[in-house]
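Structural characterization, general
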Amino acid sequence: MSDSFVQLSDVTLMYGKSTAVPELNLSIREGELICLLGPSGCGKTTTMRAIAGLLNPASGSIHIDGRDVTRVPANKRGIGLVFQSYALFPHLNAFENVAFGLRLQKLPASEIKARTEEGLATVGLTGFETRKPAEMSGGQQQRLALARSLVMKPKVLLLDEPLSNLDARLRLEMRTELQRVQKETGVTMVFVTHDQAEALALADRIVLMQSGKIEQLGTPADLYARPETAFAADFMGFENIFRTEGGKVVTDHGALELGFVPQSPMLAWRPDGVTVGSGPHQGRVLATSFAGAHREYVLETALGPVKADADIALPEAAIGETLSFDLPEATARPLAA
Ligand SMILES: Nc1ncnc2c1ncn2[C@@H]1O[C@H](COP(=O)(O)OP(=O)(O)OP(=O)(O)O)[C@@H](O)[C@H]1O
Ligand SMILES: [Mg+2]
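Rules of the game
- Residues numbered from 1 in each chain as written.
- Chains lettered and ligands numbered in written order.
- Predicted model: local features only at pLDDT ≥ 70, side-chain atom pairs only at ≥ 80, totals over all residues.
- Heavy atoms only, no water.
- Domains from an automatic or database assignment.
- Buried area = accessible area lost by both parts, 1.4 Å probe.
- Salt bridge = Lys/Arg side-chain N within 4 Å of Asp/Glu carboxyl O.
- Polar contact = N/O pair within 3.5 Å; in protein donor to acceptor, adjacent residues only side chain to side chain.
- Helix = DSSP H or I, 4+ residues; strand = E, 2+ residues; numbered from the N terminus.
- Nonpolar A, V, L, I, M, F, W, Y, C, P; charged D, E, K, R; others polar.
- Buried < 20%, exposed > 50% of the residue type's maximum accessible area, 1.4 Å probe, protein only.
- Pairing = 2+ DSSP bridges.
- Contact = heavy atoms within 4.5 Å.
- Axes fitted to C-alpha atoms, helices over the stretch in contact; angles between N-to-C directions.
- 1 Å grid on protein atoms, 1.4 Å probe; cavity = no way out; pocket = protein on both sides within 12 Å on 5 of 7 lines; lining within 4 Å.
- Points joined across faces, edges and corners; volume = space filled by probe spheres on them.
- Near = heavy atom within 4 Å.
- Areas by Shrake-Rupley, 256 points an atom, 1.4 Å probe, with all protein chains shown as cover.

1. Some words on the domain arrangement of the protein
According to the domain assignment, the protein contains domain 1 (6-234) and domain 2 (239-335). One C-alpha centre belongs to domain 1, the other to domain 2; they are set 39 Å apart. Summed over both sides, the interface between domain 1 and domain 2 buries roughly 600 Å², with carbon and sulfur atoms accounting for 58% of that surface. Scanning the region where domain 1 abuts domain 2 turns up 0 salt bridges. Summed over the shared surface of domain 1 and domain 2, the number is 2 residue pairs in polar contact (both at pLDDT 80 or more). Where the side of domain 1 that touches domain 2 is concerned, the elements lending two or more residues are helix 7 (220-225) and helix 8 (230-235). A total of 3 residues in the side of domain 1 that touches domain 2 trace back to one element, the largest contributor, which is helix 8. Considering only residue class, the side of domain 1 that touches domain 2 consists of 5 nonpolar, 1 polar and 3 charged.

2. Details of the pattern of salt bridges
Evaluation of the coordinates by the stated rule reveals 15 salt bridges. Here K307 makes a salt bridge to E239, at a shortest N to O gap of 2.9 Å. One end of the pair, K307, is in strand 17 (residues 304-311); the other, E239, is in the loop between helix 8 and strand 11 (240-245), with 68 residues separating them in the sequence. On the basis of relative accessibility, which here comes to 35%, the residue K307 falls in the partly exposed class. What emerges from the salt-bridge pattern is a single network uniting R29, E32 and R205.

3. A few points about the sheet that holds strand 4 (residues 59-64)
Read across the sheet, 4 strands follow the order 2-1-4-5 without closing on themselves; strand pairing throughout is antiparallel. Only two strands of the sheet have a single partner each, and these edge strands are strand 2 (18-28) and strand 5 (67-68). When strand 4 meets strand 5, the two strands line up antiparallel, connected through 2 bridges. Opposite H63, over in strand 5, you have D68 as the bridge partner. Those strands touched by helix 1 (residues 44-52) are strand 1 (6-15), strand 2 and strand 4, and its axis lies near 115° from that of strand 1.

4. Points about the layout of surface pockets
Looking at the largest pocket, its volume works out to about 600 Å³. Among the secondary structure elements, those contributing two or more residues to the lining of the largest pocket are strand 6 (79-83), helix 2 (94-104) and helix 4 (138-150). Each residue belonging to the lining of the largest pocket can be placed in one class, and the counts come to 16 nonpolar, 7 polar and 1 charged. A volume near 240 Å³ is recorded for the second largest pocket. Contributing to the lining of the second largest pocket are R115, E118, G119, T122, L150, V151, K153, P154, T185 and V187. No other element matches helix 3 (residues 109-122), which puts 4 residues into the lining of the second largest pocket. Each residue belonging to the lining of the second largest pocket can be placed in one class, and the counts come to 4 nonpolar, 3 polar and 3 charged.

5. Observations regarding the site of ligand 1
Every residue lining ligand 1 is accounted for by Y15, A20, P39, S40, G41, C42, G43, K44, T45, T46, E161 and H194. Within the backbone of G41, an N or O atom sits 2.8 Å from an oxygen atom of ligand 1. Relative to its unbound accessible area of 630 Å², ligand 1 is 56% covered by the protein chains. Looking at which element gives the most residues to the shell around ligand 1, the answer is helix 1, with 3 residues. Among the residues forming the shell around ligand 1, the class breakdown is 4 nonpolar, 6 polar and 2 charged.

Next comes the structure, spelled out in structure tokens:
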């Protein structure tokens, strides 16, 4: 197992004169499922295109499995690609779609048959051999696209938002499926998404990107519990983020005295980290909604709006009512400026 199976070193990616990704450094381990996560335009697809060889770096180098591939063309890199539009061949049946790349390699017919059948079995499509893509569901088409890449035995499989045009239920199903296939085949996967929940559920490690740069890199548990910046915290669901001043949290709106003196320039709380129904502060209910296990409140406070989740056992407060709340030290996440 290599710790830098895919290695991007000081890679700068440009479109004409504009820099999309400046001096990116990223090591991907062999057999890892890594997620590139970040808002639209942050450089996820650009980074993938560089790994794939579809975009040449203006400077820097890319190594895959110990080999410098910076100047190696896309079709010689041993990379598999699965995009949002599956780009299946509509006139070919499932078997022929999967066998296509193997036929180009002029492999013996018996090997093509065996590998294609194995590929279809891996994604649970045995029995669908003679179906055309148009006769398959969205999820089945997605799995077919995955099988088509997998049979080529790529060193690295790149998936760019492959689940984004599936409905919510299918997305969940395919997520689990992808994870299973990845663990079973041991293929190194780079998965792009702008869906935080998807990244948390799938990844061994998450690369959170902003404006072409890595904002934070870590395991899902790491990023979820310990975002380091306001950007990362916001992405990970810390919906209340404030600056600190002495023993206070402040916004452009006002300030609140805390029961402790923060050691960081910013603090963040998740809605479920805010105490509701007791505490030294008062907030007026701006909005309330039932969320099954808890009730979500938006409170108008001295800081402006504060989002707080209340225990469902507490009596519901109506819009306009005043609720006590607290921003406890125990649930505060310290953030860098
Ligand atoms: N072909 C192109 N020509 C010029 N600029 C481009 C091109 N493709 C992307 N860009 C710019 O490069 C930056 C990064 O784009 P990229 O496609 O990598 O974003 P992304 O993170 O994949 O976003 P999304 O989530 O919307 O797919 C953006 O500012 C974008 O406008
Ligand atoms: Mg993209």
